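Spelled out, the chains give:
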Amino acid sequence: QVQLVESGGGLVQAGDSLTLSCAASGRYAMGWFRRAPGKEREFVAAIRRRTDMTSCADSVKGRFTISRDIVKNTVYLQMNSLKPEDTAVYYCAANDYYRSTRSNDFAYWGQGTQVTVSS
């Protein structure tokens, strides 16, 4: 069974940086999604299983970076220049292989971690 354990959320000020971690029970295609209050869940970033090629949503491009530590089976989301509109619950997701940025193409999900950015 795939297990995903997220950590690193918190309360920060606009312009600050924060790094989220997601420890997985193996090596998978991984993604980060977020759900802001009153909004649909949206794609943030993804990393392929074998090539580690990455994808990022336009809204976070240039500010957020997804990366992987293959020894620790941990994926990180480095978030810089945070804005109040980045406030959301961030979810780590995994799938055996990368298919798309759609949430339906990720079979396994973490419990979510809250990120709050104050202005």
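Scroll up a little and you will see the structure.
Keep in mind that this is a model prediction, so the values were computed, not measured.

Each value, and the rule that gives it
- Residues numbered from 1 in each chain as written.
- Predicted model: local features only at pLDDT ≥ 70, side-chain atom pairs only at ≥ 80, totals over all residues.
- Heavy atoms only, no water.
- Helix = DSSP H or I, 4+ residues; strand = E, 2+ residues; numbered from the N terminus.
- Rg over C-alpha atoms; globule rule 2.2 N^0.38 Å.
- Pairing = 2+ DSSP bridges.
- Axes fitted to C-alpha atoms, helices over the stretch in contact; angles between N-to-C directions.
- Disulfide = S-S within 2.5 Å.

Let's talk about the overall build of the protein chain
Counting its regular elements, the protein chain contains zero helices and eleven strands. Along the chain direction, N to C, the helices and strands of the protein chain fall in the order β-β-β-β-β-β-β-β-β-β-β. On C-alpha atoms alone, the protein chain measures out to a radius of gyration of 13 Å, which is about the 14 Å that the 2.2 N^0.38 rule sets for 119 residues. Once the C-alpha set of the protein chain is aligned to its principal axes, its extents read approximately 40 × 30 × 25 Å.

Here we look at the sheet that holds strand β1 (residues 4–7)
Backbone hydrogen bonds are what pair the strands of a sheet, in a parallel or an antiparallel way. Spatially, four strands are ordered β1-β3-β8-β7 in an open sheet, and the strand pairing comes out antiparallel. Unpaired on one side and paired on the other, β1 and β7 (64–69) mark the two borders of the sheet. Along the sheet, successive strands turn relative to each other by an average axial angle of 15°, direction set aside. By the bridge criterion, four bridges tie β1 to strand β3 (residues 18–24) in an arrangement that is antiparallel. In the sheet register, glutamate 6 faces β3, and the bridge partner there is cysteine 22.

With respect to the state of the cysteines
Within this structure, the stated rule accounts for one disulfide. Across the disulfide, cysteine 22 is cross-linked to cysteine 92 (sulfur-sulfur distance 2.0 Å). Disulfide cysteine 22-cysteine 92: the torsion about the S-S bond is -80°, which places it as left-handed. Of this pair, cysteine 22 sits in strand β3 while cysteine 92 sits in strand β9 (residues 88–95); the two residues are 70 residues apart in sequence, bridging distant segments of the chain.

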